[in-house]
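Working through the structure, step by step
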Amino acid sequence: MVVVYNLNVQTRLKLSQAIEDYLKTIFDLQRKQSPVSTNAIAERLGFAPASVTGMIKKLAKHDPPLVNYERHYGVTLTEPGEKVALEVLRHHRLIELYLTEALGYSWDEVHAEAERLEHVISEDFEDRIANFLGNPTHDPHGEPIPTKAGVIAEAIGQRLSALEIGQCGAVVRVDDNNPEMLRYLTKIGIKRGTQLTIADIGPFDGPVHVVTDSDETHALGRKLANSVYLKLIVDN
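Before going into details, it helps to say that this report is about the structure given with it. As the structure is a prediction and not an experimental result, all values here were calculated from the model.

**Quick word on the pattern of salt bridges**
For side chains bearing opposite charge, pairing can occur when the charged atoms are close. In total, this model carries 17 salt bridges according to the counting rule given. The salt bridge involving aspartate 28 is made with arginine 44; its shortest N-O contact spans 2.7 Å. Of this pair, aspartate 28 sits in helix H1 (residues 17–30) while arginine 44 sits in helix H2 (residues 38–45), placing them 16 residues apart in sequence. In this structure aspartate 28 comes out as partly exposed when scored by relative accessible area, which is 25%. A salt bridge links lysine 83 to glutamate 87, with the nearest nitrogen and oxygen atoms 2.8 Å apart. In this pair, lysine 83 and glutamate 87 are both assigned in helix H4 (residues 79–103), 4 residues apart and thus about one turn of the helix distant. In this structure, a network of salt bridges that share partners links the residues Arg90, Glu123, Glu126, Asp127 and Lys148.

Here it is in structure tokens:
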């Protein structure tokens, strides 16, 4: 399944880095639950709720408006706001992939670098990166890359923590906002493509025990299991 946004705004709006970060964050949260609460935005960005509310009101009054906001109801992106969010997200994920494929960065290093660079690269540089990489569809962590035309595929995979004993699948996506977690997964040999089988699940939110395709067993805490997504292998 893909989501298509009608991007009528022909030129990129000149916005601050802070505003672009807000719009990208709202877009990500909005795909999970809409409308998005200001508390959810504050928690994700690490800002005080009052500061977030002030910025949201500013975005709602922007010309053109970048968000729709109703007090006690929440926030949704307008079409121009979605366009900006998708542009920034495309930059971010292309940069992450370029850093890993061309410059040898590991997957735990690229998120922070992309956060800094996503706001400053030109559209021409974006196009050159995309062409160099063969117009890729996913970043190093398995997240879909928006196309130039504003089409983004649904993120795939089921959370490891939601699976049952005996189920098996290949890792297709991992949350990228915790470098220490990514380094730990690398240390124990779990990456995109690794096949995992659920061997046991500890009671009362205990660890998820998995067996890898190299026959190694690991106990993954629930926070970590919430961040790993598998494409299930179904026996015929």
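We are not done yet, so read on.
**A closer look at the nonpolar core**
In terms of nonpolar packing, the biggest core is built from 24 residues, with Leu23, Ile26, Ile41, Ile56, Leu59 and Val67 touching the most fellow members. Among the elements of the structure, H1, H2, helix H3 (49–61), strand S3 (74–77) and H4 are those that each provide at least two residues to this core. Broken down by element, this core gets its largest block of residues, 6 residues, from H1. Apart from residues no more than four positions distant in its own chain, valine 67 is found in contact with Leu23, Ile26, Ile56, Leu59, Ala60, Val75, Thr76, Leu77 and Thr78. Counting residues in hydrophobic clusters, the runner-up holds 19 residues, among them Met181, Leu182, Leu185 and Val208.

Definitions and limits used
- Residues numbered from 1 in each chain as written.
- Predicted model: local features only at pLDDT ≥ 70, side-chain atom pairs only at ≥ 80, totals over all residues.
- Heavy atoms only, no water.
- Salt bridge = Lys/Arg side-chain N within 4 Å of Asp/Glu carboxyl O.
- Helix = DSSP H or I, 4+ residues; strand = E, 2+ residues; numbered from the N terminus.
- Buried < 20%, exposed > 50% of the residue type's maximum accessible area, 1.4 Å probe, protein only.
- Core = buried A, V, L, I, M, F, W, Y, C linked by side-chain atoms within 4.5 Å.
- Contact = heavy atoms within 4.5 Å.

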